Amino acid sequence: MTAAPSLTEPVGQAGAVPPRTPGEAVSLLASRRATGALCGPLGSLHLVDGQVAAAESPRAPGLADLLTGCGRITRAGWAELLHDHGPRGRVGEVLVERQLLSRGELELGHLGTLFDAAYFVLADRAGGTWRFEPEARHWLGTVALVDPVRLGREVERRHQLLDRIWPWPQLDTAPVRPVERSRCPAHRPPGRRRRELLDHADGRRTPADLARLLGRSGFGVTADVRRLAAAGLLDAPRHDVPRHEVPRHEVPRHDAPRHEVPRYDAPRHAAPTAPVPTAAPPPTTAPPRPVGGLHRRIPGATLRTTPPPSPAAPTRPDRPPTTAAAHPLAVPDPDIALLTRVRDLLEARL
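Conventions used here
Residues numbered from 1 in each chain as written. Predicted model: local features only at pLDDT ≥ 70, side-chain atom pairs only at ≥ 80, totals over all residues. Heavy atoms only, no water. pLDDT = per-residue confidence, 0-100. Helix = DSSP H or I, 4+ residues; strand = E, 2+ residues; numbered from the N terminus. Contact = heavy atoms within 4.5 Å. Phe/Tyr/Trp six-rings, centres within 6.5 Å; stacked < 30°, edge-to-face > 60°. Buried < 20%, exposed > 50% of the residue type's maximum accessible area, 1.4 Å probe, protein only. Pairing = 2+ DSSP bridges. Axes fitted to C-alpha atoms, helices over the stretch in contact; angles between N-to-C directions.

### Thoughts on the confidence of the model for the protein chain
Moving on, step 1. Mean pLDDT over the protein chain: 74, with 61% of residues reaching 70 or higher.
Moving on, step 2. Per-element averaging of pLDDT across the protein chain places strand β6 (residues 330–331) at the bottom with 40 and strand β3 (residues 51–56) at the top with 97.
Moving on, step 3. Below pLDDT 50 for its whole length, residues 240–278 participates in 52 contacts with residues either more than four positions away or in separate chains.
Moving on, step 4. The low-confidence segment residues 310–332, where pLDDT is below 50, has 61 contacts with residues more than four positions distant or belonging to other chains.

Shown next as structure tokens:
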């Protein structure tokens, strides 16, 4: 096995171009079948023979937060368990031996927290120094291994999902601030899960703080925060640049004056020449889109052989974000709908 990079040197080889992103660093270490911990600004990834064995990030609750939050083990008991068995990497085995978790619960909780933390670690675009600690072992032990290629695909899928919901990444790290009641849009209130987020959002807690407080996944809370912002229930944080320098497609719709947002069916050369009339707009025939709730299965979805044709989406480069993808309550794929229900149930009980 090729020697892994040392702790005192950045990840890379002498005379070679160093990795520019944590994903490239993981690929390099996986090709060398390295064992150790890759540490960076937003967390760490633990590898065993080139496979990802664990991930930790301050933006995502860990297994300890979930177990102590739901009462499976006290904080004092967890601290003792970590002190006695963490240095030998046997915390996972002891949890099963003491019947605090079944083997299936341990694997499910471990993989959930691994994918959750790995998203924030690998989605780091700000750069920074990444160091590798060879032969470093995780305190939980080797519960399950994830192929780095699979992990990279999942990170990219989640990144695209957040952009479809509401392309405003400042929401992921800024304090969550609900809008004033007088400015709340007139539609159905959010479901129980998102209402709970609004109830605990005090203008100081970030999505990571809310995830740790409520015992939920960091990515799940991040997605819900973007959905709330897409529904106009949160004050979106500003860019550090003046508003006129922000690209039009990055300005949240509910944050811009209505006369600045062109209609999708307007021609490209059309431009507003007068203020929007004060008369009420004509009523639409489409029923209001529900906000909260679980994904609903479409009757007969299992019998479909080909997906139904969908209308072509507008391709305007200045199209603002829309809320159409913020609440996907109808999922054509029954397997995805079932997995989503299982995930929501497990997050509610674990």
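### Here's the deal with unusual backbone geometry
Moving on, step 1. Backbone geometry at Arg33 places phi at a positive 55°, although glycine is not the residue there.
Moving on, step 2. Position of Arg33 relative to the elements: it lies in the loop between α1 (22–31) and β1 (36–40).
Moving on, step 3. Although it is not a glycine, Gln99 sits at a positive phi angle of roughly 60°.
Moving on, step 4. Looking at the secondary structure, you find Gln99 in the loop between α4 (91–97) and α5 (103–122).

### Looking at the packing of aromatic side chains
Moving on, step 1. This structure, assessed with the given rule, holds three aromatic pairs.
Moving on, step 2. For the pair Trp78 and Trp139, a centre-to-centre distance of 5.6 Å together with 85° between the ring planes defines the contact as edge-to-face. With a gap of 61 residues between them, Trp78 in helix α3 (residues 75–85) and Trp139 in the loop between β4 (131–134) and α6 (148–165) connect regions that are remote in the sequence.
Moving on, step 3. We classify Trp78 as buried; its relative accessible area is 9%.
Moving on, step 4. By relative accessible area, Trp139 is classed as partly exposed at 22%.
Moving on, step 5. Geometrically, the ring pair formed by Tyr119 and Phe120 is edge-to-face, given 5.1 Å between the ring centres and 75° between the ring planes.

### What about the sheet that holds β4?
Moving on, step 1. With antiparallel pairing, the four strands of this open sheet are ordered in space as β3-β2-β1-β4. Two strands bound the open sheet, and with one partner strand each, they are β3 and β4. With direction set aside, neighbouring strand axes in the sheet form an average angle of 20°.
Moving on, step 2. Bridge count for β1 against strand β2 (residues 43–48) is five bridges, and the pairing is antiparallel. Looking at the pairing, Ala37 lines up with His46 of β2.
Moving on, step 3. Lying on the sheet, α1 is in contact with β1, β2, β3 and β4; it crosses β1 at an angle near 165°.

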